[in-house]
Amino acid sequence: MRDFASCFSEYTVQVVSETTSCSSYSNTSCFPPSLIPSTQNSVTCLYKVILSNQKHVLITITWSKTNTITQGLSIHFGDDPSNSFKLNANSRLFRKKKGSRALEFGNSKAEILWDLCEAKYMSGPEPISGYYVLVIVDSEIGLILGNMAEEASFKKFKNGFPMAKFTLISRQEYFSGNTLYSTKAQFCDKGSTHDILISCSGENEGKDNHPVLSVSIDKKMVIRVKRLQWNFRGNQSIFLDGLLVDLMWDVHDWFFNPASASAVFMFRTRSGLESRLWLEDKDKLKHKNQDKVEFSLMIYACKST
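Residues numbered from 1 in each chain as written. Predicted model: local features only at pLDDT ≥ 70, side-chain atom pairs only at ≥ 80, totals over all residues. Heavy atoms only, no water.

- In the annotation of an unreviewed UniProt entry, the entry for the protein chain reads DUF868 domain-containing protein, and the organism field reads Nicotiana attenuata.

Shown next as structure tokens:
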């Protein structure tokens, strides 16, 4: 699949009469209760860490799950693929559910500490409680994940390392199965965590059955795209927590590339009201709002044939 943003700049489908905003819908979404959401195979989160010397470090965390008993965790620093740490899984359990690892990248030193002994999971690869992952960069606590993390960090490092500032700037989720996708997202540090449900189902119009894309947030329908095979790429703006968020979709391959059968849905906070996300000049974006952190959620959806 081509770069998502470039597809819109060249081939954006204008969805006007066929696409309706949330103001036209009732407060409750209407998805078939019999449908089971697709399986989440992996989650990749990109964090920006700002150390006390103003040095910026990018840390990528990936949780993966290849089947019901095989899970994994990988941590990557910067852009060099060699700067990574992987915790693989065996038949049933993580080989090392608790431990530490030191590594170097660029001119920095990092230490990774983790405890997954009591980690609890739902259907996806990312634990929901009972764990921590701690990343120390250049003698500063750069990243803390998990509900046990603060307890562990203060217990072991209360007399040690200062805390750097870190922010989640993007999240990518990979699904496989049917065309119903369920996830959660927080679009800003002080915002609420929202329940997101994306569905593609058929709708009868006379003798024909046309696919319809529906997106609900917190059980409220925010977008509905009819005749999806014609409007396979498009965009809609929504407001969440006082932010303007662009919702973009590309389901071209669902209809015209059966071998791939993959689609992309993207939620991203916009830098301003004056222009669309994919039309903004890169040089302007580089120097504008440097302290403002934007967030994007990418959902890669592989539909089983």
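Having put the structure on the table, let's press on.
1. Observations concerning the nonpolar core
Then, in step 1: Counting 29 residues, the largest nonpolar core has F187, I196, I198, W254, F265 and F267 as the members making the most contacts within it.
Then, in step 2: Elements with a contribution of two residues or more to this core: β11 (180-185), β12 (194-205), β13 (208-217), β14 (220-225), β15 (233-240), β16 (243-250), β17 (262-269) and β18 (296-303).
Then, in step 3: Those residues within four positions of W254 in sequence are excluded, and the remaining contacts are T179, Y181, C200, A261, S262, A263, F265, A301 and K303.
Then, in step 4: By size, the runner-up hydrophobic cluster in this structure holds 28 residues, among which are F105, A119, V137 and L145. (Core = buried A, V, L, I, M, F, W, Y, C linked by side-chain atoms within 4.5 Å. Buried < 20%, exposed > 50% of the residue type's maximum accessible area, 1.4 Å probe, protein only. Helix = DSSP H or I, 4+ residues; strand = E, 2+ residues; numbered from the N terminus. Contact = heavy atoms within 4.5 Å.)

2. A closer look at the side chain of H76
Then, in step 1: Checked against the element boundaries, H76 lands in strand β4 (residues 71-77).
Then, in step 2: Setting aside its immediate chain neighbours within four residues, H76 contacts L58, I59, T60, P81, N83 and S84.

3. As for the environment of I128
Then, in step 1: Checked against the element boundaries, I128 lands in the loop between β7 (108-115) and β8 (132-137).
Then, in step 2: Classification of I128 by relative accessible area gives exposed; the value is 51%.
Then, in step 3: Between the C-alpha atom of I128 and that of N147, which follows or precedes it by 19 residues, the distance is 8.2 Å.
Then, in step 4: Apart from the residues within four sequence positions on either side, I128 is in contact with K120, Y121 and M122.

4. Focus on the pairing of strand β3 (residues 56-65)
Then, in step 1: With seven of 10 residues buried, β3 lies mostly within the body of the structure.
Then, in step 2: The pairing of strand β2 (residues 39-50) with β3 spans nine bridges and is classified as antiparallel. Considered in β3, the bridge of T44 is made with T62.
Then, in step 3: Between β2 and β3, which pair antiparallel and follow one another directly, the connecting turn spans five residues, one of which, Q54, has a positive phi of 70°.
Then, in step 4: Pairing between β3 and β4: seven bridges, direction antiparallel. Bridge assignment links W63 to a residue of β4, and that residue is L73. (Pairing = 2+ DSSP bridges.)

5. Remarks on the pattern of salt bridges
Then, in step 1: The full count for this structure, using the stated rule, is eight salt bridges.
Then, in step 2: Through salt bridges with shared partners, one network takes in E126, R171 and E173. (Salt bridge = Lys/Arg side-chain N within 4 Å of Asp/Glu carboxyl O.)

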